[in-house]
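Architecture and fold: a report
Okay, here's what each chain looks like letter by letter:
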Amino acid sequence: VIVNASAVITDIKSYLLSIKYLKDLGYKVVFGGSEVIPDIFLEYEVLDFKKFCKQNYLNELRLINNAEVVISSPSGYAFLASTLNKKLLYCNQWSITIPQPGKLTLQVPCRIRKNGNLLTLSQQYKYMDKQKANCKHSNLYSFEHPSGEIILSSLKELMSEEKTNFENNFLVKDFRS
């Protein structure tokens, strides 16, 4: 599904490493929002919030407010987590020039290639700034969803109490270069 500021269809399998990591730590993983839960998430025993609670704005706010961490694509759901100042892993957005306002938000954007060459994040930022909110892109550009390894490394960074222990995470450093 491409939602709001997503540049490419979300690769749901890229979230499986993070789901497994959270489950191994003893967390319950809950799928919120109005989208249909992917079958593969059910195989990982992710709970479908809609099956346990009536879906409405108040219940979604309660779910987000009680969450330790929220992993979201670019959507209103991410904005709610951000404004509630929850730890938010904000994945797959192309609009890095319009970040979420929360202090506890970590962006994991899609990466952009121009003519097959990966743009640096600085180049990507400049491109996005020129685009403004325009979602139509030239055929010269292609977009890559972050990998499961990048999402997991970023999740660990976000959840870490020690903010310096990921400075040498070369996987994420390379992604952010």
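Everything numeric here is computed off the predicted structure, so don't read it as measured data.

Let's shift gears to the side chain of Gln124. Along the polypeptide, Gln124 turns up in helix α6 (residues 121–131). Separated by 3.3 Å, the side chains of Gln124 and Arg111 make a polar contact. In this structure, Gln124 is in contact with Ile96, Pro109, Cys110, Arg111, Ile112 and Leu119, ignoring residues within four places of it in sequence.

A few words on the pairing of strand β4 (residues 87–91). Here β4 lies mainly inside the structure; 5 of its 5 residues are buried. Of the two faces of β4, both are covered, the one formed by Lys87, Leu89 and Cys91 as well as the one formed by Leu88 and Tyr90. Where strand β3 (residues 69–72) lies against β4, 4 bridges are found, and the strand directions are parallel. Paired with Ile71 across the strands is Leu89, a residue of β4. Of the crossover connections in this fold, the one passing from β3 over helix α5 (residues 76–83) to the parallel β4 is right-handed. Sheet topology places β4 next to strand β5 (residues 105–108); 4 bridges connect them, and they run parallel. Bridge pairing links Leu89 to Leu106 in β5.

Read from one edge to the other, the open sheet built from 3 strands follows the order β7-β6-β8, with strand pairing classed as antiparallel. The open sheet is flanked by β7 (117–118) and β8 (141–144), the only strands paired with a single partner. Direction of pairing for strand β6 (residues 111–114) relative to β7: antiparallel, over a ladder of 2 bridges. Its bridge partner being in β7, Lys114 is matched across the sheet by Asn117.

Attention now goes to the pattern of salt bridges. Under the defined criterion, the tally for this structure stands at 4 salt bridges. The salt bridge partner of Lys23 is Glu45, with a shortest N-O separation of 3.9 Å. Taken together, the residues span a long stretch of sequence, with Lys23 in helix α1 (residues 16–24) and Glu45 in the loop between α2 (39–43) and β2 (47–48) at a distance of 22 residues. You can call Lys23 partly exposed: its relative accessible area is 28%. On the basis of relative accessible area, Glu45 is assigned to the exposed category, the value being 57%.

Within the open sheet, the 3 strands sit side by side as β3-β4-β5. Their pairing is parallel. The outermost strands of the open sheet, each flanked by one partner alone, are β3 and β5. Each strand of the sheet is rotated relative to its neighbour by a mean of 15 degrees, with strand direction disregarded.

About the criteria used
Residues numbered from 1 in each chain as written. Predicted model: local features only at pLDDT ≥ 70, side-chain atom pairs only at ≥ 80, totals over all residues. Heavy atoms only, no water. Helix = DSSP H or I, 4+ residues; strand = E, 2+ residues; numbered from the N terminus. Polar contact = N/O pair within 3.5 Å; in protein donor to acceptor, adjacent residues only side chain to side chain. Contact = heavy atoms within 4.5 Å. Buried < 20%, exposed > 50% of the residue type's maximum accessible area, 1.4 Å probe, protein only. Pairing = 2+ DSSP bridges. Right-handed = clockwise from strand over helix to strand, strands pointing away. Salt bridge = Lys/Arg side-chain N within 4 Å of Asp/Glu carboxyl O. Axes fitted to C-alpha atoms, helices over the stretch in contact; angles between N-to-C directions.

Distances and angles like these do not, on their own, reveal function.
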